[in-house]
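A structural walkthrough
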Amino acid sequence: MFSGAALADFFFLFKPDFLPQRDYIGLLRLCIVFCLLLYQVIIQHSAAVSDRILRAARENILFFTKEMRNIGTSNTRNNRLTIFQRNIVVFNLDVFLIFQFSQRFDCHFHISLRVMEFQRVRINLFTNIFVLLDEPTNYLDEQHIEWLKRYLQDYENAFILISHDIPFLNSVINLIYHMENCRLDRYPGDYDKFQEVYAMKKAQLEAAYNRQQQEISDLKDFVARNKARVATRNMAMARQKKLDKMDIIELDREKPKPEFHFKTARTSGKMIFETNDLVIGYDEPLTKPLNIRMERGERIALTGANGIGKTTLLKSILQLIKPYSGKVHLGDYQHIGYFEQESDTQNTSTCIEEIWSEFPAMTQYEIRSMLAKCGLTTKHIESQVRVLSGGEQAKVRLCKILNRESNILLLDEPTNHLDVDAKAELKKALQEYKGSILLICHEPEFYQDIVTTVWNCQEWSLKL
């Protein structure tokens with residue numbers, strides 16, 4: 001499925017504000033539904049706020065448990081309905097948010113797995129549970145993705161999952177609903193089976209369309225040649241009636257597919273960067289002293305658990321933040337393309353304004369063309385960046401570095417939110433790129449064909 005196909009919006013149909021009462025009554029007759037929605041968008045919070053969110057989330061769960069028990073003692077359907085409407089839960093207990101606290105704010109809770117286990121214990125108190133997961137593998141490291149995979153494989157009840165992570169999908173699902181052109185289609189099986197059936201159905205539809213278009217052309221030609229002649233007028237009218245009654249086959253409108261090509265600047269110096277006893281961190285150190293070096297032509301992936309300082313290392317190398325101690329030396333003739341993990345949530349600029357501010361000398365036509373090549377439609381291009389989906393926002397950020405000459409790319413989890421086509425195109429573009437690459441990624445199937453070296457940051461971390 002494509003980014004921006006309103007996949008996440010589907011989940012909000014389960015909120016009380018969106019569901020009419022008659023739908024609740026039907027659900028209540030079948031089972032009690034517990035909605036655990038794991039948001040794909042990380043909310044920016046300070047470290048002080050994080051404790052309040054965790055406490056509030058726990059209180060919500062306890063309150064929900066108590067209220068759910070009370071449903072059984074309610075006398076009337078209306079009372080049960082009122083309780084259900086009040087307590088169907090879309091939690092702010094966001095696994096991604098919790099995982100990211102330790103990384104973004106050095107809150108080092110050591111709670112990633114404990115929270116997941118706490119959820120497991122709490123969920124297992126119920127017999128009929130319906131779990132909603134919105135791109136749950138975004139921001140998760142390999143360890144937590146594997147944990148979540150095993151958990152869902154063993155999960156006895158129903159869940160709905162939105163994801164563009166194909167290996168993860170294939171390992172946990174047995175049914176796909178594909179959303180395209182305002183239509184939702186059902187496909188039994190995993191993602192590979194879906195692709196096979198979808199391609200076959202698409203080919204059959206195109207063949208039927210071509211046959212019908214040929215038939216329409218022949219009928220129109222016969223009518224045009226024979227409607228004026230008395231001897232053949234009736235036959236022409238019969239064919240015209242057939243045309244009028246014909247159910248016209250329409251092909252689905254193709255989604256714009258991105259085309260990524262990085263522009264290459266002049267060759268950089270031999271050394272990209274070198275560190276001397278570099279220690280990264282904020283109020284306390286995150287790593288041991290690092291003495292590492294990257295040279296021209298190297299392609300390196302940074303891997304490891306969340307919260308150990310991979311993004312902090314990247315920003316320290318770029319000198320966007322000061323190191324806790326030690327030094328970073330950058331080489332000569334560097335033109336760096338830096339992809340940040342998230343967009344500014346307060347940014348009110350439209351996509352056109354956002355890119356135009358980076359390339360003021362270009363015309364509006366050129367700006368629109370650049371954004372269109374990244375897979376964005378006219379509607380997206382004219383919208384504010386902050387209202388776009390995560391995948392569309394990522395394409396806007398990619399647009400900036402794609403159209404600026406570079407000889408070094410520093411990419412912080414660039415595959416988060418990207419749909420399958422965009423991810424494949426990005427992988428192809430990085431394989432063709434002639435410069436050096438330093439990449440943070442938790443998807444081996446993405447980076448293993450791009451990089452020449454993998455640095456496991458857990459070997460340096462003081463947080464494990």
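Residues numbered from 1 in each chain as written. Predicted model: local features only at pLDDT ≥ 70, side-chain atom pairs only at ≥ 80, totals over all residues. Heavy atoms only, no water.

Here the focus is the nonpolar core. Phe262, Leu371 and Leu430 are the most contacted members of the largest nonpolar core, which totals 37 residues. Going through the elements one at a time, helix H12 (351-358), helix H13 (364-373), helix H15 (390-402), strand E11 (408-412), helix H16 (420-432), strand E12 (436-440) and helix H17 (444-447) are the ones with two or more residues in this core. Non-local contacts of leucine 371, meaning those with residues more than four positions away in its chain, are made with Cys351, Ile352, Ile355, Leu376, Ile381 and Cys399. Core analysis: the next-biggest nonpolar cluster, separate from the first, contains 25 residues, Ile280, Ile300, Ile308 and Leu410 among them. (Core = buried A, V, L, I, M, F, W, Y, C linked by side-chain atoms within 4.5 Å. Buried < 20%, exposed > 50% of the residue type's maximum accessible area, 1.4 Å probe, protein only. Helix = DSSP H or I, 4+ residues; strand = E, 2+ residues; numbered from the N terminus. Contact = heavy atoms within 4.5 Å.)

Here we take up the sheet that holds strand E6 (residues 271-279). Through backbone hydrogen bonds, the strands of a sheet pair up, either in parallel or in antiparallel fashion. Pairing within the open sheet is antiparallel, and its three strands lie in the order E7-E6-E9. Across the chains shown, the open sheet's two edge strands, defined by having one partner strand only, are strand E7 (293-295) and strand E9 (325-330). This sheet shows a mean twist of 5° between the axes of neighbouring strands, independent of strand direction. Sheet topology note: the E6/E7 ladder contains three bridges and is antiparallel. By the bridge assignment for E7, glutamate 274 is matched with arginine 293. (Pairing = 2+ DSSP bridges. Axes fitted to C-alpha atoms, helices over the stretch in contact; angles between N-to-C directions.)

For the rest of this paragraph, the subject is the pairing of E6. Pairing of E6 with E9 involves five bridges; the strand directions are antiparallel. Bridge pairing links asparagine 276 to lysine 327 in E9.

Both strand E4 (residues 175-180) and strand E5 (residues 183-188) contribute to a ladder of six bridges, which runs antiparallel. When the bridges of E5 are listed, leucine 175 appears paired with proline 188. In sequence, E4 turns back onto E5 through a hairpin of two residues, with asparagine 181 there showing a positive phi of about 50°.

Okay, a nonpolar patch on the surface next. On the surface, Leu175, Tyr177 and Leu184 cluster together into a nonpolar patch covering about 250 Å² of accessible area. With respect to the helices, strands and loops of the structure, leucine 175 is situated in strand E4. (Patch = residues over 30% accessible without salt bridge, like charges linked within 9 Å, V, L, I, M, F, W, Y side chains within 5 Å. Areas by Shrake-Rupley, 256 points an atom, 1.4 Å probe, with all protein chains shown as cover. Salt bridge = Lys/Arg side-chain N within 4 Å of Asp/Glu carboxyl O.)

Turning our attention to the sheet that holds E12. The five strands lie next to each other as E10-E11-E12-E8-E13, forming an open sheet whose pairing is parallel. The sheet is open, and its two borders are formed by strand E10 (336-339) and strand E13 (453-456), each paired with just one other strand. Along the sheet, successive strands turn relative to each other by an average axial angle of 15°, direction set aside. With four bridges joining them, strand E8 (residues 299-303) and E13 adopt parallel strand pairing.

Taking 1.5 Å per residue, 13 residues should reach 18 Å; helix H7 (residues 142-154) reaches 18 Å between its end C-alpha atoms and fits that length. Among the residues of H7, those classed as buried are His144, Ile145, Trp147, Leu148, Lys149, Tyr151 and Leu152. Regarding H7, its N-cap is aspartate 141, as a side-chain oxygen of that residue lies 3.2 Å from the backbone nitrogen of glutamine 143 further along. (Expected span 1.5 Å × (residues − 1). Polar contact = N/O pair within 3.5 Å; in protein donor to acceptor, adjacent residues only side chain to side chain.)

A few words on the packing of H12 against H15. At a minimum axis separation of 10 Å, H12 and H15 run at an interaxial angle of 20°. Taken as axis vectors, H12 and H15 run roughly parallel relative to one another. Between H12 and H15 lies a crossing of right-handed hand. Each of Cys351, Glu354, Ile355 and Glu358 in H12 lies in contact with H15, whose residues at this interface are Val396, Cys399 and Lys400. A class-by-class count of the residues in the contact of H12 with H15 yields four nonpolar, no polar and three charged. (Parallel < 35°, antiparallel > 145°, perpendicular 65-115°, else oblique. Left-handed = near helix turned anticlockwise from the far one by under 90°. Nonpolar A, V, L, I, M, F, W, Y, C, P; charged D, E, K, R; others polar.)

Here the focus is helix H9 (residues 191-226). Here H9 is 36 residues long and its end C-alpha atoms lie 52 Å apart, about the 52 Å a rise of 1.5 Å per residue gives. Among the residues making up H9, those that are buried are Tyr191, Phe194, Ala208, Gln212, Ile216, Leu219, Phe222, Val223 and Asn226. As for H9, its buried residues are in contact with helix H8 (166-172), E4, E5, helix H10 (233-245) and H16.

Attention now moves to the confidence of the model for the chain. Parts of the model with low pLDDT should not have their predicted coordinates read in detail. Across the chain, pLDDT averages 76, with 72% of residues at or above 70. Overall, residues 14-50 carries pLDDT values under 50, and its contacts beyond four positions in sequence, including any with other chains, amount to 101 contacts. Counting contacts from residues 71-128, a segment whose pLDDT is below 50, to residues more than four positions away or on other chains yields 150 contacts. (pLDDT = per-residue confidence, 0-100.)

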